[in-house]
Structures are given as C-alpha cells and as structure tokens.
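Chain by chain, the residues run as shown.
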Amino acid sequence: ALEGGGLASQKDLSAKKLHEYSRNLPYAKATGEVFRYTNIPAYLMGRVIENVLGAPLDILAQKILFTPLDMKTTTFHIAPTYHHLIPPTEDCTWREQRVQGMVHDESAYTFKKYGHVVGHAGLFSSAGDVLNVLQMLLQGGTWNGQKLFSEDIINEMATNQLTIPEESNGLGWETGQLRHISTTASPRTISKTGFTGTFMSCDLDKGVSYVLLTNRVWPKRPLDSTAINKVRHDISMEVFASQ
C-alpha cells in the first residue's frame, strides 16, 4: 500500500513536484499485507509506457487502441469551442469555476495544465466507444480481425491477483465487487468505476457488457458512494439476470 493514498489531494503541487512525489512515495505496508485503491500505479504505468515506447501517452493510446477500435469520440483533448457539448461535472470550489469539458481529477488537471496527459484520469469518451472496448474483450481480444489482447491477458483481468482474505481485484479491473455488481453476474465479471459516477462492466462468461455514464458529483460531490453504488448494483441485477 502506497503511503498517502492517491495523487488527487496533491492539487497544490506543480507537475514536476507531483511526479517526484509519486516516484518517491514510501510504502505504508509490505506487499500483500493490505489492499487500498490509489491512482498512483496507473499514473506510473503511463510514464513507464511513455519511456519504453518513446512517445506521449495520448499519441500511443490513439495509435494502439482508439484508432484500431473505431473509437471516434475518445480523446484526452476537448477544444474549448466544444466544452458546451460536454455535460458539466462539478461546480468546483478550489478551481473557482464549473468543471466542464476539462479533466475533473485534481492532479491530472495540474499535469494537463503543464501540457502532460496522464494514465489515471482525463480521458473523454462516449458509451458507444467504451462498448467497443468491452466487445473486443468478449471476442477474445480481437476487433475487426486484429488481435489487440491475448486471451491469457484477458483471463488475468478476471482472475483475482490478491492473496489478501476477502479482497478481490483482477489485472487492471475490479472483480467480485458486490457493492456494485449483483450476484446475477458470473464470477468472471470485470468492472471499473470512475470517481464522478461512471461505470462499465463485462461478464466474460455470459458474453454481456454495459456502460453507465452518469454523474454523482453534480453540482457538488456527496459524502460517499452509497447512492451511486446502489444504482450500479440495481442495473447490474437487471442486465445480468436477463442472460
């Protein structure tokens, strides 16, 4: 478990200091002792990918995923002239403005302000585009005849990677999270939540997936995720029970 949780609370640091903060963050517990969500691994993974492949993350994502998957409305960059077409996210106190058409996450906003796209937040998309990703997974990693993921990797996504009792998380995806997935879904169901209220889920055994693009933080964020998780769970009950 990384000390300090995530990057979102570090909104007052510059992009350079944020990067140093994430690189030098100490571990609070030894590996395997505790599971705690943090966006720092996703951020660091993005930086690793950039260093290995030698290009910015947004360019790589467009080349490797968005274009092959026919994701025509997915981008890290929304021009100001199109902001009015994006639903508002939150009346944000610390920015002293309405967040609309710009990344909501505080640290990702800081990085973007300095011209850097990151791996843990800031991507805009539509339900149709996200469903393309899930359908590709249901097709064994293939889209339009092109192999994008191996079946072994997809199996790892749905396999619990943790050895901690009563905790379950796959490779890059959540598994066995009954707070937002109903028991009508099969054990090989993967899902991912977004802080603002977004959600996607894919039952690899039943061959069913769905995307929920809603907003729990408008106009102000609630105290917890109880209400949105009930919505996710109820929809999951209906979607997966029908198969």
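Located above this text is the structure these notes cover.
Here the structure is a predicted model, which means the values were calculated and not measured.

Details of the overall build of the protein chain
Part 1 of the reasoning: Counting its regular elements, the protein chain contains seven helices and eight strands.
Part 2 of the reasoning: Judged by the C-alpha coordinates and their principal axes, the protein chain covers about 45 × 45 × 40 Å.
Part 3 of the reasoning: Here the protein chain holds 243 residues, and 41% of them are scored as buried.
Part 4 of the reasoning: Summing over all exposed atoms, the protein chain offers an accessible surface of approximately 13500 Å²; the carbon and sulfur share of this is 56%.
Part 5 of the reasoning: For the protein chain, the centre of its 23 positive side-chain charges and the centre of its 24 negative side-chain charges are spaced 6 Å apart.

Observations concerning the sheet that holds strand β5 (residues 174–175)
Part 1 of the reasoning: Ordered in space as β5-β6-β7-β8, the four strands form an open sheet in which the pairing is antiparallel. Two strands close off the open sheet at either side, each with one partner strand: β5 and β8 (208–212).
Part 2 of the reasoning: Bridge count for β5 against strand β6 (residues 189–193) is two bridges, and the pairing is antiparallel. When the bridges of β6 are listed, Thr 175 appears paired with Ile 190.
Part 3 of the reasoning: This element, helix α5 (residues 127–138), spans β6, β7 (199–203) and β8 of the sheet and lies at about 155° to β8.
Part 4 of the reasoning: Contacts between helix α7 (residues 226–241) and the sheet are confined to β6, β7 and β8, with β8 contributing the most and set at about 150° to the helix.

Remarks on the pattern of salt bridges
Part 1 of the reasoning: The final tally for this structure, using the stated rule, is eight salt bridges.
Part 2 of the reasoning: With a closest N to O distance of 3.5 Å, Arg 47 and Glu 50 form a salt bridge. Placement of both Arg 47 and Glu 50 in helix α2 (residues 40–53) is noted, with a separation of three residues, approximately one turn of the helix.
Part 3 of the reasoning: Glu 50 gets classed as buried once you look at its relative accessible area, which sits at 10%.
Part 4 of the reasoning: Overlapping salt bridges bring together Glu 90, Glu 106 and Arg 221 as one network.

Here we look at the side chain of Ser 107
Part 1 of the reasoning: Relative to the elements of secondary structure, Ser 107 occurs in helix α4 (residues 106–113).
Part 2 of the reasoning: Side chain to side chain, Ser 107 and His 120 meet in a polar contact 3.1 Å long.

Points about the nonpolar core
The nonpolar side chains of a soluble globular protein tend to be buried, and buried together.
Part 1 of the reasoning: Among the nonpolar cores identified, the biggest contains 20 residues, and Leu 134, Leu 137, Trp 173, Ile 190 and Leu 204 are the most heavily contacted of them.
Part 2 of the reasoning: Of all elements in the fold, only α3 (57–66), α5 and α6 (151–157) reach the threshold of two or more residues within this core.
Part 3 of the reasoning: No other element matches the four residues that α5 contributes to this core.
Part 4 of the reasoning: If we ignore the near neighbours within four places in the chain, the residues touching Leu 137 are Phe 149, Ile 154, Met 157, Trp 173, Ile 190 and Leu 204.

Things to note about the packing of α2 against α3
Part 1 of the reasoning: Interhelical geometry of α2 versus α3 gives an angle of 80° and a closest axis separation of 9 Å. Relative to α3, α2 is oriented roughly perpendicular. Contact residues: Gly 46, Ile 49, Glu 50 and Leu 53 in α2; Leu 57, Leu 60 and Ile 64 in α3.
Part 2 of the reasoning: Each residue belonging to the contact of α2 with α3 can be placed in one class, and the counts come to five nonpolar, one polar and one charged.

Describing unusual backbone geometry
Part 1 of the reasoning: The omega torsion across Trp 218 and Pro 219 is -5°, close enough to zero to call that bond cis.
Part 2 of the reasoning: Phi at Glu 96 is positive, roughly 60°, even though this residue is not glycine.

Re the pairing of β6
Part 1 of the reasoning: For β6 and β7, the ladder comprises five bridges, and the chain directions are antiparallel. Each residue of the ladder has a partner; that of Thr 189, found in β7, is Asp 203.
Part 2 of the reasoning: What sits between β6 and β7 in their antiparallel hairpin is a turn of five residues, with Gly 197 showing a positive phi close to 130°.

Brief notes about the pairing of β8
Part 1 of the reasoning: Counting buried positions along β8 gives five out of five residues, so the element sits mostly inside the fold.
Part 2 of the reasoning: As defined by bridge partners, β7 adjoins β8 across five bridges and the pair is classed as antiparallel. Paired with Met 200 across the bridge in β8 is Val 211.
Part 3 of the reasoning: Between β7 and β8, which pair antiparallel one after the other, the connecting turn spans four residues, and Gly 207 there sits at a positive phi close to 70°.

Things to note about the packing of aromatic side chains
Part 1 of the reasoning: In total, this model carries five aromatic pairs according to the counting rule given.
Part 2 of the reasoning: For the ring pair Tyr 43 and Phe 111, a centre distance of 5.0 Å and an interplane angle of 25° mean the geometry is stacked. Taken together, the residues span a long stretch of sequence, with Tyr 43 in helix α2 and Phe 111 in helix α4 at a distance of 68 residues. Phe 111 shares its class with Tyr 43; the two are buried.
Part 3 of the reasoning: With 6.4 Å between their ring centres and 40° between their planes, Phe 66 and Phe 76 make a pair best called tilted. Of this pair, Phe 66 sits in helix α3 while Phe 76 sits in the loop between α3 and β1 (90–92), and the two are ten residues apart along the sequence. Both residues of the pair, Phe 66 and Phe 76, belong to the buried class.

Reading the values: the criteria
- Residues numbered from 1 in each chain as written.
- Predicted model: local features only at pLDDT ≥ 70, side-chain atom pairs only at ≥ 80, totals over all residues.
- Heavy atoms only, no water.
- Helix = DSSP H or I, 4+ residues; strand = E, 2+ residues; numbered from the N terminus.
- Buried < 20%, exposed > 50% of the residue type's maximum accessible area, 1.4 Å probe, protein only.
- Areas by Shrake-Rupley, 256 points an atom, 1.4 Å probe, with all protein chains shown as cover.
- Lys, Arg positive; Asp, Glu negative; His and termini not counted.
- Charge placed at Lys NZ, Arg CZ, Asp CG, Glu CD.
- Pairing = 2+ DSSP bridges.
- Contact = heavy atoms within 4.5 Å.
- Axes fitted to C-alpha atoms, helices over the stretch in contact; angles between N-to-C directions.
- Salt bridge = Lys/Arg side-chain N within 4 Å of Asp/Glu carboxyl O.
- Polar contact = N/O pair within 3.5 Å; in protein donor to acceptor, adjacent residues only side chain to side chain.
- Core = buried A, V, L, I, M, F, W, Y, C linked by side-chain atoms within 4.5 Å.
- Parallel < 35°, antiparallel > 145°, perpendicular 65-115°, else oblique.
- Nonpolar A, V, L, I, M, F, W, Y, C, P; charged D, E, K, R; others polar.
- Phe/Tyr/Trp six-rings, centres within 6.5 Å; stacked < 30°, edge-to-face > 60°.

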